[in-house]
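Summary of structural features
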Amino acid sequence: MKTSHIVAALTLALAGATASAAGAPTDVSYRSVKVDGVNIFYREAGPKNAPTVLLLHGFPTSSQMFRNLIPQLAERYHVIAPDYPGFGQSDAPAVGEFTYSFDNLASVVDKFTTAVGASKYALYVQDYGAPIGFRLAAAHPERVSAIVVQNGNAYNEGLDNAFWAPFKVYWAARTEENAARLKPFFELGATKWQYTHGARDASKISPDAWTVDQAYMDRPGNKEIQLELFYSYGSNPARYPEWQAYFRKHQPPMLITWGKNDQIFPAAGATPYLRDLPKAELHLLDTGHFALEEEGEKIGKLMRNFLARNVK
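Presented here is a report on the structure given in the accompanying data block. (Residues numbered from 1 in each chain as written. Predicted model: local features only at pLDDT ≥ 70, side-chain atom pairs only at ≥ 80, totals over all residues. Heavy atoms only, no water.)

What to know about the pattern of salt bridges
- Tallied over the full model, the rule gives 17 salt bridges.
- For the salt bridge of Glu44 with Lys48, the shortest nitrogen-to-oxygen distance reads 4.0 Å.
- Given a relative accessible area of 6%, Glu44 falls into the buried group.
- By relative accessible area, which is 59% here, Lys48 ends up exposed.
- When the shortest N-O distance is used, the salt bridge between Glu157 and Arg275 registers 2.8 Å. Taken together, the residues span a long stretch of sequence, with Glu157 in the loop between strand 6 (144-149) and helix 5 (165-172) and Arg275 in helix 11 (residues 273-276) at a distance of 118 residues.
- A relative accessible area of 31% means that Glu157 is categorised as partly exposed.
- Each of Asp103, Arg135, Arg239 and Glu242 takes part in salt bridges that share partners, so that together they form one network. (Salt bridge = Lys/Arg side-chain N within 4 Å of Asp/Glu carboxyl O. Buried < 20%, exposed > 50% of the residue type's maximum accessible area, 1.4 Å probe, protein only. Helix = DSSP H or I, 4+ residues; strand = E, 2+ residues; numbered from the N terminus.)

In structure tokens:
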């Protein structure tokens, strides 16, 4: 069976799981829109005249990471969750045909929000979603009504751990030797590890999640795309002071729901937000990097309460 057929079958299975997880079917639409000639796939649910919640995924996943969260929000909110170029069901132009940088991904998502009519939104950011979403917020503070952060970094403390050591070497010297140390992160064992490491009970985490992610990763040319973004991630720490200044000046309402057992973005990266946003609400959850897999119901409840208080 071709990789594309496997991905399609697993995506359908995950869509079915979404309905049952919510306890009732949810009317989720699967759409795409062109941004600068690139097809951007997105999931959409909820009434379009309700406040918008923009869900921004991490690596190595796609909007499928929100399959169980969307039904929990869609009754009251207009929920949109795009796949970035090179991820999920969006187009994946070759490295020589598209600039895979966080600046450019943020530009694409910015234009995407305009294309779908999202002029104001609450943000949910995780992993890669944080440097993308914080670029949007700093550039357009008037558009962001609130922010939910789930294991997404904006402080140097969040990168001061052993996991990031080979990345920092690569950012300093972009050589084949240094790149080779990072390529194991593109393989199934590493993808599964991101889901299961730090989880209280790995048997409760659906293997469909990492299987879908890996199927996308294994498409021709995709690992080259991801290596470009590994290098570009080194551009993010220099932007931290700008994002922190945005937090201090605009004081966006913030809910932090953080898997405290995450080895990539440990809890050391969660608490510094309170320096700049003393009114932020922080919850350290007993789970790992993809906290929605094990704590999705709790995060959904926290979000509904938070958004009801802060988003009109």
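Some remarks on the pairing of strand 7 (residues 254-259)
- Across the six residues of strand 7, six count as buried, placing the element largely inside the fold.
- Of the two faces of strand 7, the one carrying Met254, Ile256 and Trp258 and the one carrying Leu255, Thr257 and Gly259 are both buried.
- Note that strand 6 and strand 7 share three bridges and pair parallel. Across the sheet, residue Val149 finds its bridge partner in strand 7, namely Ile256.
- As defined by bridge partners, strand 7 adjoins strand 8 (residues 281-285) across five bridges and the pair is classed as parallel. Following the sheet pairing, Leu255 is matched in strand 8 by Glu281. (Pairing = 2+ DSSP bridges.)

A word on unusual backbone geometry
- A cis amide bond links Phe59 to the next residue, Pro60, at an omega of 0°.
- Positive phi outside glycine occurs at Gln251, with the angle close to 45°.
- Of note, Gln251 is situated in the loop between helix 10 (240-250) and strand 7.
- The class for Gln251 is partly exposed, based on a relative accessible area of 36%.

Overview of the packing of helix 7 (residues 188-196) against helix 8 (residues 207-217)
- Relative orientation of the contacting elements helix 7 and helix 8 amounts to 140°, with a least axis distance of 9 Å. Judged by the twist between their axes, the crossing of helix 7 over helix 8 is right-handed. On helix 8, the residues that touch Leu188, Thr191, Lys192, Tyr195 and Thr196 of helix 7 are Ala209, Trp210, Asp213 and Gln214.
- Residues that form the contact of helix 7 with helix 8 fall into these classes: four nonpolar, three polar and two charged. (Axes fitted to C-alpha atoms, helices over the stretch in contact; angles between N-to-C directions. Left-handed = near helix turned anticlockwise from the far one by under 90°. Contact = heavy atoms within 4.5 Å. Nonpolar A, V, L, I, M, F, W, Y, C, P; charged D, E, K, R; others polar.)

A closer look at the nonpolar core
- Formed by 65 residues in total, the largest nonpolar core has its most connected members in Phe134 and Tyr273.
- With six residues, the single largest contributor to this core is helix 3 (residues 102-115).
- For Phe134, the contacting residues outside a window of four places in its chain are Val125, Ile147, Val149, Asn153, Ala154, Trp243, Phe247 and Tyr273.
- Among the nonpolar cores identified, the runner-up in size contains 33 residues, and Ala45, Tyr77, Ile205 and Leu307 belong to it. (Core = buried A, V, L, I, M, F, W, Y, C linked by side-chain atoms within 4.5 Å.)

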